[in-house]
Amino acid sequence: MPLVDIEISNHGSFLPDEINAFLCEADLRVSQFLQSSPRRATGFVPSDFKSVYHALKVITDENLATGTSFCEWGSGFGVVASLASMLDFMASGIEIEEELVDASRSLAEDFGLSLEFVQGSFIPAGGESTLEEAYVDNNAAYSWLITEAESGYEKLQIGLDEFDVIFAYPWPGEDYLITSLFEKYAAEGALLLTYDYPETVYLRRKQIEPSAGA
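So, how was this worked out
- Residues numbered from 1 in each chain as written.
- Predicted model: local features only at pLDDT ≥ 70, side-chain atom pairs only at ≥ 80, totals over all residues.
- Heavy atoms only, no water.
- Helix = DSSP H or I, 4+ residues; strand = E, 2+ residues; numbered from the N terminus.
- Polar contact = N/O pair within 3.5 Å; in protein donor to acceptor, adjacent residues only side chain to side chain.
- Pairing = 2+ DSSP bridges.
- Buried < 20%, exposed > 50% of the residue type's maximum accessible area, 1.4 Å probe, protein only.
- Contact = heavy atoms within 4.5 Å.
- Axes fitted to C-alpha atoms, helices over the stretch in contact; angles between N-to-C directions.
- Parallel < 35°, antiparallel > 145°, perpendicular 65-115°, else oblique.
- Left-handed = near helix turned anticlockwise from the far one by under 90°.
- Nonpolar A, V, L, I, M, F, W, Y, C, P; charged D, E, K, R; others polar.
- Phe/Tyr/Trp six-rings, centres within 6.5 Å; stacked < 30°, edge-to-face > 60°.
- Core = buried A, V, L, I, M, F, W, Y, C linked by side-chain atoms within 4.5 Å.

Is there a simple way to explain the environment of E162 in this structure?
When you line up the elements, E162 lands in the loop between α6 (152-156) and β5 (165-168). Considered as a pair, E162 and A190 are 28 residues apart in the sequence and their alpha carbons are 8.9 Å apart. One polar contact links the side chain of E162 to the main-chain amide nitrogen of G159, over a distance of 2.7 Å.

Below, the structure is given as structure tokens:
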């Protein structure tokens, strides 16, 4: 079933001191990484963390999620998953680059956050066929999503359909690929939060199938 848009335009601007301190340190580490590893950084583009934080705050303040299980797809430095943890989500992140997994763990540990990061793919078993169908339907490339890496869900010991909120930052023009994966494999009622450059976040929910005879 198609996803349902949820309006979250009024994010506000206030940041608690602990969130501001965390984001300042995260921005510093991301900047250092981009400067010191220009070759490795070509596929790493951080989202606007303040905008994403405010969206997460709306989700918690308005009780929009069906539960507290959160996963960041392509988690990079794990900033969004860490923000979710700071908002009392049971958060985790899946990232393909080992260097970024190590960096995300270090950042979270330095702030005393309890969450898990694993190296692997966020594409579920069988998901390649879904991406191929999306590729045909949209006539665009998706090679950056195809990987031989181990399943991140197996390492986390939790299935994609057990998460209540998923966050992703798709490459420009490839939101439909993320949407296709979410529509097929996420739980009914789950939320998909995505960032779209510049400073725009979208929140969508996977509809609950009506029961027979309803």
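Let's pick the thread back up.
Which parts of the structure should I look at to understand the pairing of strand β7 (residues 200-206)?
As a general feature of sheets, a regular strand has side chains that alternate between the two faces. Bridge count between strand β1 (residues 3-6) and β7: 4 bridges; the pairing is antiparallel. Considered in β7, the bridge of I6 is made with L203. In terms of strand pairing, strand β6 (residues 191-196) meets β7 through 6 bridges, oriented antiparallel. Paired with L191 across the bridge in β7 is R205.

Quick question: what am I supposed to make of the environment of E95 here?
Turning to its location among the elements, E95 is positioned in strand β3 (residues 90-95). We classify E95 as buried; its relative accessible area is 7%. A sequence separation of 26 residues divides E95 from S121, and the C-alpha atoms of the two residues are 6.8 Å apart. Setting aside residues up to four positions removed in sequence, E95 forms contacts with G74, S75, G76, L100, V101, V118, Q119 and G120. Side-chain polar atoms of E95 contact the backbone nitrogen of S75, separated by 3.4 Å.

Is there a simple way to think about the sheet that holds β1 in this case?
Strands belonging to one sheet form pairs held by backbone hydrogen bonds; the direction of such a pair is parallel or antiparallel. Spatial strand order, β1-β7-β6-β5-β2-β3-β4: 7 strands in an open sheet with mixed pairing. The outermost strands of the open sheet, each flanked by one partner alone, are β1 and β4 (116-119). If you compare each strand with its neighbour and ignore which way they point, the axes differ by 25° on average. Each of β1, β2 (69-73), β5, β6 and β7 is contacted by helix α7 (residues 175-185), which is oriented at about 25° to β7, the strand it contacts most.

Can you help me understand the packing of helix α1 (residues 17-36) against helix α4 (residues 98-110) in this one?
Relative orientation and spacing of two packed helices are given, respectively, by the angle between their axes and the distance between those axes. One can describe the packing of α1 onto α4 by two numbers: an axis separation of 11 Å at closest approach and a directional angle of 155°. In this view, α1 runs roughly antiparallel relative to α4, as classed from their interaxial angle. Crossing geometry of α1 relative to α4 is assigned as right-handed. Facing α1, whose interface residues are F22, E25, A26, R29 and F33, α4 presents E99, L100, S106, L107 and D110. Its residues assigned to classes, the contact of α1 with α4 comprises 5 nonpolar, 1 polar and 4 charged.

Any chance you could explain helix α3 (residues 79-86) here in plain terms?
Because the α-helix completes a turn every 3.6 residues, residues three or four places apart line up on one side. Among the 8 residues in α3, 7 count as buried, and that is most of the element. Burial in α3 covers these residues: V79, V80, A81, S82, L83, A84 and S85. Positive phi appears at D88, one or two residues downstream of α3, with a value of about 75°.

Hey, could you run me through the packing of aromatic side chains in this one?
Under the definition given, this model contains 5 aromatic pairs. Centroid distance F22 to F111: 5.1 Å. Interplanar angle 85°. Geometry classified as edge-to-face. Here F111 lies in the loop between α4 and β4 and F22 lies in helix α1, a separation of 89 residues in the sequence. When the centroid spacing of 5.6 Å and the interplanar angle of 70° are considered together, the rings of F33 and F77 count as edge-to-face. You can see F33 sitting in helix α1 and its partner F77 sitting in the loop between β2 and α3, a full 44 residues away along the chain.

Quick question: what am I supposed to make of the nonpolar core here?
When a protein is soluble and globular, its nonpolar side chains tend to lie buried together. Counting residues in each nonpolar core, the largest one holds 41 residues, and the members touching the most others are L56, F70, V79, L83 and L193. Tallying contributions element by element places helix α2 (residues 49-61) first for this core, with 7 residues. In this structure, F70 is in contact with L56, V80, A81, A84, F89, M90, A91, S92, F163, V165 and F167, ignoring residues within four places of it in sequence. Within the second largest apolar cluster, 21 residues are counted, among which are L156, I166, A168 and A187.

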